[in-house]
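One letter stands for each residue in the lines below.
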Amino acid sequence: MIMSKSINAIKCNCLRKTLTVAMSVGALAVAMTQTAQANVDCSEKAASNAEAHLMPGAGYWMQSVDINHITYTSVGGISSYLFNLETEKLEPITRGMDAFPIPPGDIYVHPTGGGGYSFYKMGDGETAKPIFNDTDHFGVYQAVGLLPATKGPKDRVVRVSAGWGAGIFQDYHITTLEDGTYDFKRLHSHPVQVCRNLDTGGLDTQIPVLSRNGELIAGRDTNDQMTKIYKITNIHQVDAATDTEVADCEEVQTIPTETSKISFSFDNKKVMFVIADPITGKGRLLEMDIETAKLTTLSMPSEDVMYMTYRADSSLRNDDRLLYSRRTDAVGVESELILIKPNSVAKDDDELARPLEALGHLWGRACGMDLDTDAARAAGSRVNQNQCDELLNAANFASLPAEYSDLQKDQIQTLCKLSERAQKN
Amino acid sequence: MIRPLAVTLIFAQLLSGQLALGGSKEFEAFVSKAPCIDELKASTSKVFFNQTWYPLMISRPRQPLIPGFAFRNTITGNGYQLFADQTSTTLVESKLNGDTISANVWDTRKSCRLHSSDYKSAQFKVTAPARSRGMAVFNDSNLNDLLKSSSWGVIYVWSPFMPLSIEGIKEIRQAMTEKGKGKLTILVDGKANIKAATDLVEKGIVNAEDIRQVDSPELLARGVALHYPSAYIYKSRFLSNRSYIGHKSATVYSKWIDSEIKALTVSLAAMKEGK
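It should be emphasised that the depicted structure is a prediction, and the values quoted were computed from it without experimental measurement. (Residues numbered from 1 in each chain as written. Chains lettered and ligands numbered in written order. Predicted model: local features only at pLDDT ≥ 70, side-chain atom pairs only at ≥ 80, totals over all residues.)

## Quick look at the overall build of chain A
Helix and strand content of chain A: six helices and 28 strands. A burial count over chain A gives 52% of its 425 residues as buried. Contacts in chain A between residues at least 24 apart in sequence constitute 49% of all its contacts with a sequence separation of at least 6. (Helix = DSSP H or I, 4+ residues; strand = E, 2+ residues; numbered from the N terminus. Buried ≥ 20, exposed ≤ 12 C-beta atoms within 10 Å, placed from the backbone. Contact = placed C-beta atoms within 7 Å.)

Structure below.
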């Protein structure tokens, strides 16, 4: 069964209920039982413009196809699914694993059983035949980037990386012909071996991911276990006889911990990833600005996040929304897809950070939770205008932690308005 | 307040089955900058700081996420975290007892001494999904027994959520069969869809003994839930901190096993010599 619910529609679903919420307060974890204030949405999805979908068997791998579609690989076997966020229905797609859409989403690529990669046209259904097979490109964990040489949706230069051996990629010139068919040209005789200039002799084999423009590649370093982001440079031939090509890599940023696979934003400026809570082991969703290394927590404290992807609009720009799957209960019978639009106003402006934290603390207090700073920011960024008004009423405002007593109510109110405006835009 | 911690830490060190690889230089750099670290060392135990720590990212007030370090004791499941910002250093001790984790926190924010006023304690419940459904689990006690049961081995963790982790079972089996020695232990994602896992047993895709669910803080602390498959090597009762994640061929697994065993051997020798 597929279920979808707007967060606004389920507002107050926990009114006056006794909540037992286990949460992490930084390194300290606390269990509390309290009664929620009236008219405050205490669900973990307390986010303006957020949507929640129960998807059958959704798990750890998903990609944004376009504004309304995602592909994902299901539980318990090797099966891809195409999920329509608008109709909340599954649409037919070939069942090989890890269908990776190629922007703008009219075609996609699967690893082929037995080696190689096969490209398919989206919408051709479960029994579609490949429109192109590359038996020379091999491995799994493929990622796709649209190189800057792309002239438009009908004249694309596409990079497909794979994580087998020490990391490889192939580039394809894909032209959409007048009759709607596609012409594929491989741009390298054989897959290019990536990052061979690194001390490790190549990109680590673990969970590599290509940026949306194909120019960055990330993977976990085998030695220090940290996830590193590299710029791909200097593609050059090293053996004329076999026409073997390699590419160098320059390290751009390090995420100084073990992470899940990462997801690049469509403007290639940010990455999202999951880390394990040091105590509870729950998945926590973070975003990092690649240039500044600034980190933001995006998930709520009690959520157990599994996988994530940014969502692109039809022009392949960031939609400013992101999707993540999380476990719906302790036994993982189903996972749930959450679509949110984090508050970009407060996230990027330190001046507004404290009002945002204060708002999050007010929400936490109203819902019986004592949040740490990053959890409060995450919660504050997901409070909508109606919630904001309720939280700022006299009874609730009195519960503001003492360290925020210098803040005036209208400072927080302004934040709510800015947030609302940003989310509408 | 401080004395019991120091005793615990020394005891933990004596019983430790932990071996962290890498990160020592980073830890030393971290310690050199951590405020009040000398006082913290003096108040706890110098022995504590001779442990090898592995890096974490930890939340604390005023800074969403900062680098920190953690040490976990394989046998007790207890753990320690150390993190710092510009003004203070915090030490967290967490203890697992049944389904409850207790956290003791010492923070030097108020002074460079660990006063009782700097101490907070809390606890929360962790209910393993498998336990709640009567499924077989693999906890730290099982891990401890495993580390004692064979001189070396591989722990491979898969998830029905990740098809390639199912495919990889035959690859790791083949690699271990070719080695002819070593024990292979196959476990499943602690939060996996149990029905999906048991269905795979019924279909003959995985064996019944391969669906013990991970309920081990030791493995969780090593990021076992971040990606499947995750594989770990242990040798002479020491479990590597380095996970090997993602689908691999039998040949790649074989090379990894050789390389990790070699690294563990070197580290164990260094530890024996007190380096």
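## Examining the environment of glycine 115 of chain A
Residues and elements named next belong to chain A. In this fold, glycine 115 is placed in the loop between strand E10 (107-111) and strand E11 (117-121). Distance from glycine 115 to serine 79, taken between C-alpha atoms, is 17 Å for residues 36 residues apart in sequence. Discounting residues that sit within four places of it in the chain, glycine 115 has contacts with Thr135 and Phe138.

## Structural notes on the pairing of strand E7 (residues 80-84) of chain A
Residues and elements named next belong to chain A. Along E7, four of the five residues are buried, which leaves the element largely enclosed by surrounding structure. The sheet contact formed by strand E6 (residues 69-74) and E7 spans five bridges and is antiparallel. Looking at the pairing, threonine 71 lines up with leucine 82 of E7. Hairpin geometry of E7 and strand E8 (residues 89-91) is characterised by an intervening segment of four residues between the two adjacent antiparallel strands and by a positive phi of about 60° at glutamate 88. (Pairing = 2+ DSSP bridges.)

## A short note on unusual backbone geometry
Here proline 103 of chain A and proline 104 of chain A are connected by a cis peptide whose omega angle stands at 5°. Of note, proline 104 of chain A is situated in the loop between strand E9 (100-102) and E10. Between tyrosine 228 of chain B and proline 229 of chain B the backbone carries a cis peptide bond, its omega angle lying at 0°. Here tyrosine 141 of chain A, not a glycine, exhibits a phi torsion of approximately 55°, which is positive. As for its position among the elements, tyrosine 141 of chain A is in the loop between strand E12 (132-134) and strand E13 (143-146). A positive phi angle is found at cysteine 195 of chain A, which is not glycine, with a value near 65°. Within the fold, cysteine 195 of chain A resides in the loop between strand E17 (192-194) and strand E18 (209-210).

## Considering the sheet that holds strand E24 (residues 283-289) of chain A
All names here are of chain A. Taken in spatial order, the four strands line up as E22-E23-E24-E25 in an open sheet, and their pairing is antiparallel. Bordering the open sheet on either side are strand E22 (263-264) and strand E25 (295-297), each of which pairs with just one other strand. Sheet analysis places strand E23 (residues 270-276) next to E24, joined by seven bridges and oriented antiparallel. Along E24, the bridge assignment pairs valine 271 with methionine 288.

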